[in-house]
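# Residue-level structural notes
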Amino acid sequence: MNNELICNNLTRNSSGELCFAGRELSPLALKYGTPLYLYDEDRIRERCRTYLKAVKTAFDGRGRVLYASKAASFRRLYEIMKEEGMGIDVVSCGEIYTAHLAGFPMEKAYFHSNNKTDEDIAYAMKYGVGYFVVDNAKELYAIERVAAEKEMRQRILLRITPGIDPHTYAAVATGKVDSKFGSAIETGQAEEITKLALGLSHIELCGFHCHVGSQVFDSDVYLRATDVMLTFVADIYRVTGFMAAELDIGGGYGVRYIASQPEIDIAANIAEVAEFMKKKAVELQIELPEVAFEPGRSIVADAGLTLYTVGTVKRIPGYKSYVSVDGGMTDNPRFALYGSPYTIVPVKETVPEDAEKVSVVGRCCESGDILQENVPMLKDIGRGDLLACLTTGAYHYSMASNYNRIPRPAVVMLAGGEDRLAIRRELPEDLVALEV
Ligand SMILES: *Cc1c(COP(=O)(O)O)cnc(C)c1O
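Remember, it's a predicted structure, so these values are computed and weren't measured experimentally. Sequence order sets the numbering: in each chain, residues are counted from 1 along the sequence as written. Totals for whole chains, interfaces and linings use all residues, but because this is a predicted model, local features are given only for residues with pLDDT of at least 70 and pairs of side-chain atoms are given and counted only at 80 or more. For side-chain calculations, the full set of non-hydrogen atoms in the structure is used, while hydrogens and water are omitted.

## Concerning the overall build of the protein
The line we're drawing: Only DSSP runs of H or I reaching four residues or more are called helices, and only runs of E reaching two or more are called strands; each is numbered from the N terminus. Note on method: radius of gyration uses C-alpha positions; expected globular size equals 2.2 Å times residues raised to 0.38. Buried means the residue's accessible area, taken with a 1.4 Å probe over protein chains only, is under 20% of the maximum for its type, while exposed means over 50%, and partly exposed covers the values in between. Here, residues are in contact when the closest pair of their heavy atoms is within 4.5 Å. Working definition of accessibility: Shrake-Rupley area with a 1.4 Å probe, residue cover restricted to the visible protein chains.
Regarding its fold elements, the protein presents 12 helices and 21 strands. Scaling as 2.2 N^0.38, a compact globule of 436 residues should have a C-alpha radius of gyration of about 22 Å, and the protein matches this with 23 Å. Each of the three principal axes of the protein carries a C-alpha extent, and together these read 70 × 55 × 45 Å. A buried classification covers 56% of the 436 residues belonging to the protein. Long-range pairs, those at least 24 residues apart, make up 70% of the contacts in the protein with a sequence separation of at least 6. Of the accessible surface of the protein, which amounts to about 18,300 Å², a share of 50% is contributed by carbon and sulfur atoms.

This is the structure in structure tokens:
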């Protein structure tokens with residue numbers, strides 16, 4: 001079955017064992033224990049370079065790429081982003097602090113969130129976050145107030161809702177008019193907040209932002225969104241005289257969790273978007289603002305893999321079979337949240353075509369603690385065998401919890417044949433560390 005090697009960093013060696021980033025997996029499981037998050041650092045760097053090169057090429061040397069760090073946020077990743085020359089999105093004090101500790105140049109950080117508290121705002125300014133992406137008018141006033149106290153001018157983008165439905169999961173669609181994010185063009189609130197921002201003395205309006213959704217495969221979505229946004233930029237210019245210097249069109253390019261999903265050609269997609277935007281700008285008789293992309297998932301997802309050890313295998317005759325692993329919704333809540341598809345395979349050998357299908361489940365006390373249904377499985381799978389869940393680099397460690405007081409797994413970076421611990425495994429002692 002060739003449906004398992006869904007990214008070119010996956011192979012099987014001569015004895016059939018699954019390898020990731022050129023490394024055999026069982027020695028890593030032995031060395032670090034399971035569950036274990038592995039990252040292919042070379043793949044992360046390759047993805048950053050693909051984006052940066054594509055944007056520079058398509059937009060004639062201009063343009064920015066910001067890694068949406070909510071996909072996976074820890075020090076080592078911010079160091080990589082710094083080394084690769086990426087900007088970043090941050091959404092909380094925790095992300096800001098982590099990026100700061102990694103020595104990330106914070107003037108290249110963009111602060112998102114639909115609800116920044118006064119504390120968040122002051123914190124971000126203290127750490128020199130370059131841009132705030134402002135969600136609404138009340139927040140704008142709050143930023144003005146804190147910036148005035150600090151006697152500074154804060155650069156901002158305004159988050160605009162273009163009214164685009166990206167036809168993806170409802171939970172990850174964010175560009176529709178009724179979204180909790182941003183100010184809608186359709187309701188007039190987008191124009192209103194732009195005028196407000198232009199009137200504030202501690203605010204420097206640099207441009208606009210939109211983000212239509214996540215796990216998007218249709219390039220059409222970005223064409224529709226940029227069409228609406230550029231028209232808005234032109235309308236604002238005519239009404240107020242303000243010409244946006246920046247237009248951030250968000251993230252959302254899809255990745256391959258299962259073989260039937262396509263692999264998106266990022267460079268070709270960006271080239272198509274750029275060509276469309278240039279034409280549209282000419283049509284609207286405006287200069288094209290500097291364009292920013294904010295990929296999260298597509299930078300880190302297929303650079304990640306989770307290793308589990310099988311425990312209980314339960315066959316309920318006439319019903320279904322369960323294979324339980326030593327992790328679950330605590331390290332991967334995405335099936336429970338969105339019903340997300342995954343490829344889960346035994347490490348020791350490829351599953352034959354006509355294999356039995358099982359439910360791979362976690363160890364939490366929840367019936368919904370399922371990693372995936374209908375997973376083709378080896379007949380002899382049993383206690384102690386390793387399973388790999390593929391494409392787990394995005395929204396896994398960052399969404400991990402301690403439900404049932406399960407300690408979170410370690411994170412190990414693989415690079416140039418070396419393995420290096422980025423985050424050690426949590427211990428029960430860590431879980432009580434905050435209790436006073
Ligand atoms: C989540 C998010 C992104 C990244 O989305 P991906 O699907 O991970 O690429 C980019 N921008 C904003 C504002 C986001 O909220």
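Now that the structure has been shown, the text picks up again.
## Section: the site of the ligand
Keep this limit in mind: Throughout this document, a residue counts as near a molecule or strand when at least one of its heavy atoms sits within 4 Å of that molecule or strand. The definition of a polar contact used here is a pair of N or O atoms within 3.5 Å, where within protein one atom must be able to donate a hydrogen and the other to accept one, and adjacent residues in sequence count solely through side-chain atom pairs. Following the grouping adopted for this structure description, the nonpolar residues are Ala, Val, Leu, Ile, Met, Phe, Trp, Tyr, Cys and Pro, the charged ones are Asp, Glu, Lys and Arg, and the polar ones are all others, Gly among them.
Taken together, 15 residues are adjacent to the ligand, and Lys70, Ser214, Glu294, Arg297 and Tyr395 come closest. Lysine 70 places a polar side-chain atom, nitrogen or oxygen, 2.6 Å from an oxygen atom of the ligand. Taking glycine 296, its main chain carries an N or O atom lying 2.9 Å from an oxygen atom of the ligand. Relative to its unbound accessible area of 380 Å², the ligand is 92% covered by the protein chains. In terms of residue class, the shell around the ligand is built from three nonpolar, seven polar and five charged.

## Some remarks on the domain arrangement of the protein
Going by this rule: The split into domains, and so the bounds of each, comes from an automatic or database assignment of domains. Accessible-area loss on putting two parts together, using a 1.4 Å probe and summing over both, is the definition of buried area adopted here.
Per the domain assignment, the segments of the protein are domain 1 (2-40 + 301-431) and domain 2 (112-295). Between the C-alpha centres of domain 1 and domain 2 there is a distance of 36 Å. Each partner contributes residues to the interface: domain 1 has 10 residues there, and domain 2 has nine residues. In this assembly, domain 1 packs against domain 2 so that about 1,000 Å² is buried in total across both faces, 61% of it on carbon and sulfur atoms.

## Points about the packing of helix H2 (residues 41-58) against helix H3 (residues 75-84)
The test is simple: The convention used is that axes are lines fitted to C-alpha atoms, helices contributing only their stretch in contact, and that angles between N-to-C directions extend from 0 to 180 degrees. An angle below 35 degrees is read as roughly parallel, one above 145 as roughly antiparallel, one from 65 to 115 as roughly perpendicular, and any other as oblique. A clockwise turn of the near helix away from the far one marks a right-handed crossing, whereas an anticlockwise turn of less than a right angle marks a left-handed crossing.
Where H2 contacts H3, the axes come no closer than 10 Å and their chain directions differ by 40°. One way to sum up the angle between H2 and H3 is to call them oblique. Two packed elements cross with a definite hand, and for H2 against H3 that hand is right-handed. Judged by residue contacts, Glu41, Ile44, Arg45, Cys48, Arg49 and Leu52 of H2 engage Arg76, Leu77, Ile80, Met81, Glu83 and Glu84 from H3.

## With respect to the pattern of salt bridges
For the record, the criterion: We define a salt bridge as a side-chain nitrogen of Lys or Arg found within 4 Å of a carboxyl oxygen belonging to Asp or Glu.
Scanning the model with the defined rule gives 29 salt bridges in all. As a salt-bridge pair, aspartate 419 and lysine 31 come within 2.7 Å of each other at their nearest N and O atoms. Here lysine 31 lies in helix H1 (residues 25-32) and aspartate 419 lies in strand S21 (residues 418-423), a separation of 388 residues in the sequence. Linking aspartate 227 and lysine 280 is a salt bridge whose minimum nitrogen-to-oxygen distance equals 3.0 Å. Of this pair, aspartate 227 sits in helix H8 (residues 219-240) while lysine 280 sits in helix H9 (residues 266-284), placing them 53 residues apart in sequence. Accessibility expressed as a relative area gives 12% for lysine 280, which makes it buried. Shared partners join several salt bridges into a network, and the residues in it are Glu41, Arg45, Arg49, Arg76, Glu79, Glu83 and Glu84.

## So, the pairing of S21
Counted only if it meets this: For two strands to be treated as a pair, DSSP must find at least two bridges joining them.
Examined bridge by bridge, strand S20 (residues 410-415) and S21 share five bridges and lie antiparallel to one another. Each bridged residue has a counterpart across the sheet, and for leucine 414 the counterpart in S21 is aspartate 419. Connecting S20 to the antiparallel partner S21 that follows it, the hairpin turn spans two residues, and glycine 416 within it adopts a positive phi of roughly 50°.

## Observations regarding the side chain of threonine 392
In this structure, threonine 392 sits in the loop between strand S19 (386-390) and S20. Aside from chain neighbours lying at most four places away, what touches threonine 392 is Ala301, Gly304, Leu305, Thr306 and Tyr342.

## Describing the packing of H2 against H9
H9 packs onto H2 with a crossing angle of 25° between their chain directions and a minimal axis gap of 9 Å. Taken together, the axes of H2 and H9 are roughly parallel relative to one another. Crossing geometry of H2 relative to H9 is assigned as right-handed. Each of Arg47, Thr50, Tyr51, Ala54, Val55 and Ala58 in H2 lies in contact with H9, whose residues at this interface are Ile266, Ala267, Ile270, Ala271, Ala274 and Lys278.

## Considering the sheet that holds strand S1 (residues 10-12)
Here we have three strands laid out as an open sheet, ordered S1-S2-S3, and antiparallel in their pairing. The open sheet has two edge strands, S1 and strand S3 (23-24), and neither has a second partner. Here three bridges tie S1 to strand S2 (residues 18-20), and the two strands are oriented antiparallel to one another. In the strand pairing of S2, leucine 10 is matched with phenylalanine 20.

## A few points about the environment of arginine 155
Structurally, the position occupied by arginine 155 is in strand S9 (residues 154-161). Once residues within four sequence positions are removed from consideration, arginine 155 is found in contact with Gly130, Tyr131, Phe132, Glu204 and Cys206. Among the polar contacts listed, one links the side chain of arginine 155 to the side chain of tyrosine 131, at a separation of 3.2 Å.

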